Amino acid sequence: GELIPFYGPHQSGIATPVQERLQFAAFDLSTASPARVAALLKVWTAAAVRMTAAQEVGRGATGRATAPPDDSGETLDLDASRLTVTVGFGPSFFTRLNLRAPGPLKELPAFPGERLDPARSGGDICVQACADDPQVTVHAVRNLTRLAAGTATLRWSQSGFGRAASSSRSEKTPRNLMGFKDGTNNIAIHDRDKLARHVWVGDEGPEWMYGGSYMVTRRIRMHLDLWDRTPLRQQEDTIGRTKREGAPYGGDEEFDPVRIHALPPRSHVRLAHPDSNDGRRILRRGYSYSDGNDSRGRLDAGLFFIAYQRDPETGFIPLQRQLAARDALNRYIQHVGSGVWACPGGVRRGSFWGEALF
Ligand code: HEM
């Protein structure tokens with residue numbers, strides 16, 4: 001199986017090819033001791049290095065008969081399925097540990113129309129595990145959770161599928177649960193200039209964030225019953241692209257340039273496009289989710305939106321302000337969970353996640 005290198009100038013799982021599956025987890029610290037948290041991050045790093053290389057955690061899934069095995073074992077016969085494990089720290093991480101938070105990491109402002117569930121929002125540390133096999137992503141989060149015992153507990157978690165974002169034009173653009181291609185005009189992962197400008201933290205620091213990025217996560221529920229009763233033309237007017245081809249209004253093919261004035265004034269793509277946002281861009285890396293149904297028989301499904309940017313103040317926040325105020329898509333969606341995370345730069349061999357912080 002294909003391996004995605006764990007070590008490097010950036011954490012993997014950001015500008016690496018998008019895998020099929022997501023297991024996301026937010027943890028709360030049960031200690032205020034930076035030393036204990038550093039010890040956990042060291043143990044987590046060692047486990048992630050092994051899991052991303054298709055190796056068993058610790059001394060493995062079997063061993064002494066009188067002790068529980070270090071690794072839970074469900075991936076014993078599987079390859080790594082391009083597993084990546086990406087870590088981020090929420091604003092409350094720094095408060096709890098009495099460490100200085102990086103300037104751009106602030107709680108997000110409230111946006112009109114959202115109905116955030118605290119039980120699906122926030123947290124001190126997050127882990128984004130992505131791979132092509134859900135057994136592999138669940139195994140990764142499960143074993144990190146085990147290793148955290150006594151230091152951090154799981155606050156909420158989220159699984160996802162169908163990578164509702166593409167990472168380069170060489171792959172077919174996936175579709176979200178509304179049936180539209182999603183990720184057409186995303187930043188491509190080999191576009192180093194755009195990544196350097198819009199995604200990676202640079203000299204502005206702090207030093208431990210160099211080569212890192214700020215992640216925003218939003219659980220966005222879709223009212224699919226209403227969407228599915230909406231005429232095709234109205235669906236397309238809402239997005240500003242055609243459904244089958246994914247072509248922008250005014251164009252014929254998916255990758256034809258978006259000319260915003262050819263799109264309906266309140267369409268999602270027109271309002272989200274860089275030409276309507278002073279050139280601002282974000283790297284989207286979200287997944288679809290489907291978590292059962294509510295008591296009225298409607299699917300609890302939608303988009304687990306993930307975006308990476310150099311600074312939320314110039315990325316997600318102004319974009320979402322504009323979308324929340326005017327987007328025709330708002331009739332069909334509601335933001336119900338939220339998180340903002342500082343993802344440190346890549347890990348060097350012999351170091352561990354966030355080492356420079358402690
Ligand atoms: C583009 C769907 C939420 C930002 C698109 C496209 C679709 C789409 C179908 C066109 C294809 C593409 O270029 O990727 C959705 C759905 C959402 C959602 C169904 C919610 C359930 C958001 C949010 C943001 C956002 C919350 C940011 C705050 C963007 C951006 C583009 C885009 C920046 C690219 C626009 C361009 O440059 O042409 N979205 N989106 N989207 N969306 Fe969303």
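These remarks concern the structure in this document.

Comments concerning the overall build of the chain
Along the chain, the regular secondary structure elements total 8 helices and 9 strands. For 358 residues, the compact-globule estimate of 2.2 N^0.38 gives 21 Å, and the chain sits close to it at 20 Å. Principal axes of the C-alpha set define a box for the chain whose edges measure 65 × 40 × 40 Å. Counting only residues that meet the buried cut, the chain has 53% of its 358 residues in that class. With an accessible surface of roughly 16,000 Å², the chain has 49% of that area assigned to carbon and sulfur atoms. The chain carries 46 positive and 40 negative side-chain charges, and their two centres are separated by 3 Å.

What to know about the pairing of strand β9 (residues 333–343)
When you tally the buried positions in β9, you get 11 out of 11 residues, the bulk of the element. Pairing analysis gives 10 bridges linking strand β5 (residues 213–222) to β9, with the strands arranged antiparallel. Residue pairing for β9: Thr217 is matched across the bridge by Gly339.

Some points on the site of the ligand
For the ligand, the set of nearby residues contains 29 residues, the closest of which are Gly183, Thr184, Asn185, His268 and Arg284. Here an oxygen atom of the ligand sits 3.1 Å away from a polar atom, N or O, in the main chain of Thr184. If you list the elements that add at least two residues to the shell around the ligand, you get β5, α7 (268–272), β8 (299–309), α8 (316–326) and β9. Here the shell around the ligand gets 4 residues from one element, more than from any other, and that element is α8. Classifying every residue of the shell around the ligand by side-chain character gives 17 nonpolar, 8 polar and 4 charged.

What to know about the nonpolar core
If you look at soluble globular proteins, the nonpolar side chains tend to sit buried side by side. The biggest cluster of nonpolar side chains holds 69 residues, and the ones touching the most others in it are Trp44, Phe89, Phe93, Met178 and Trp353. Broken down by element, this core gets its largest block of residues, 8 residues, from helix α1 (residues 34–52). If we skip the residues at most four places from it in the chain, Phe93 touches Leu29, Val37, Leu99, Asp124, Ile125, Leu357 and Phe358.

Topic: the coordination of the iron atom of the ligand
Reference geometry at the metal: tetrahedral coordination by four donors gives ideal angles of 109.5 degrees; octahedral coordination by six donors gives 90 or 180 degrees. With respect to protein ligation, the iron atom of the ligand binds only His268 (NE2), at 2.0 Å. Relative to the elements of secondary structure, His268 occurs in helix α7.

Overview of the side chain of Thr238
Its location among the elements puts Thr238 in helix α6 (residues 232–239). With a relative accessible area of 5%, Thr238 lands in the buried category. Within polar-contact distance, the side chain of Thr238 engages the backbone oxygen of Gln234 at 2.7 Å. In this view, Thr238 contacts Trp227, Arg266, Ser267, His268, Asp327, Ala328, Leu329 and Tyr332; residues no more than four positions away in its chain are not counted.

Thoughts on the pattern of salt bridges
Within the structure shown, the criterion is met by 18 salt bridges. A salt bridge links Arg155 to Asp28; the nearest nitrogen and oxygen atoms lie 3.1 Å apart. On the criterion of sequence distance, the pair formed by Arg155 in strand β4 (residues 152–161) and Asp28 in strand β1 (residues 21–29) is long-range, its members being 127 residues apart. For Arg155, a relative accessible area of 36% translates into the label partly exposed. Notably, a salt bridge pairs Asp278 with Arg280, separated by 3.4 Å at the nearest N-O pair.

What counts and what doesn't
- Residues numbered from 1 in each chain as written.
- Predicted model: local features only at pLDDT ≥ 70, side-chain atom pairs only at ≥ 80, totals over all residues.
- Heavy atoms only, no water.
- Helix = DSSP H or I, 4+ residues; strand = E, 2+ residues; numbered from the N terminus.
- Rg over C-alpha atoms; globule rule 2.2 N^0.38 Å.
- Buried < 20%, exposed > 50% of the residue type's maximum accessible area, 1.4 Å probe, protein only.
- Areas by Shrake-Rupley, 256 points an atom, 1.4 Å probe, with all protein chains shown as cover.
- Lys, Arg positive; Asp, Glu negative; His and termini not counted.
- Charge placed at Lys NZ, Arg CZ, Asp CG, Glu CD.
- Pairing = 2+ DSSP bridges.
- Near = heavy atom within 4 Å.
- Polar contact = N/O pair within 3.5 Å; in protein donor to acceptor, adjacent residues only side chain to side chain.
- Nonpolar A, V, L, I, M, F, W, Y, C, P; charged D, E, K, R; others polar.
- Core = buried A, V, L, I, M, F, W, Y, C linked by side-chain atoms within 4.5 Å.
- Contact = heavy atoms within 4.5 Å.
- Donors = N, O, S within 2.8 Å, 3.2 Å for Na, K, Ca; no water.
- Salt bridge = Lys/Arg side-chain N within 4 Å of Asp/Glu carboxyl O.

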